[in-house]
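The residues making up each chain are set out below.
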Amino acid sequence: DGPQVNALKHMLTFTQAEDVAVVFVNTPLTDEYLDSARLDVEGRFQRYMLQLAAQESGLLYRDLGQLWPRRYDYFSDPSHLNRFGAYQLSNRLAQDPMIPWSKLDPPVAAD
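Presented here is a report on the structure given in the accompanying data block. Since the model is a prediction, treat every value here as computed from it, not as a measurement.

Over its 20 residues, helix α2 (residues 36–55) extends 29 Å from the first C-alpha to the last, a length consistent with the 28 Å expected when each residue adds 1.5 Å. Taken together, the buried positions of α2 are occupied by Glu42, Gly43, Gln46, Met49, Leu52 and Ala53.

The end-to-end C-alpha separation of helix α3 (residues 83–94) is 16 Å, in line with the 16 Å expected for twelve residues at 1.5 Å each. Listing the buried residues of α3 in full gives Gly85, Leu89 and Leu93. Along the long axis of α3, the arc covered by the buried residues comes to 70 degrees, so they all point the same way. Along α3, the residues that are exposed and aim more than 90 degrees away from the buried face are Arg83, Tyr87 and Ala94. Taking the backbone nitrogen of Phe84 as reference, a side-chain oxygen 2.9 Å away marks Asn82 as the first, capping residue of α3.

Thresholds, definitions, all that
- Residues numbered from 1 in each chain as written.
- Predicted model: local features only at pLDDT ≥ 70, side-chain atom pairs only at ≥ 80, totals over all residues.
- Heavy atoms only, no water.
- Helix = DSSP H or I, 4+ residues; strand = E, 2+ residues; numbered from the N terminus.
- Expected span 1.5 Å × (residues − 1).
- Buried < 20%, exposed > 50% of the residue type's maximum accessible area, 1.4 Å probe, protein only.
- Arc of directions from axis to C-beta.
- Polar contact = N/O pair within 3.5 Å; in protein donor to acceptor, adjacent residues only side chain to side chain.

So, in structure tokens, the structure goes:
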């Protein structure tokens, strides 16, 4: 609960009214970042997002938080991707069969 949840819900209300799909990506983190306390918080966050995605039409949640826990060369620090990690993540997302890319493309204006 709090300002971030309120902002997310307001954004979803707006995007649903505009018929805009939202893909929320939980980006990768390293095992150095995910200590026992953070793993607990991350688990609660994942459960919340899965529940929210099940309730909200137009919201797709992709959890990639533990995709590369030991690929330190993809990170500038334990919780932020560098350009190499961002490139790999963008390629993975582009090929993700769960993301309905054709529905996310803007409509082409008719002549």
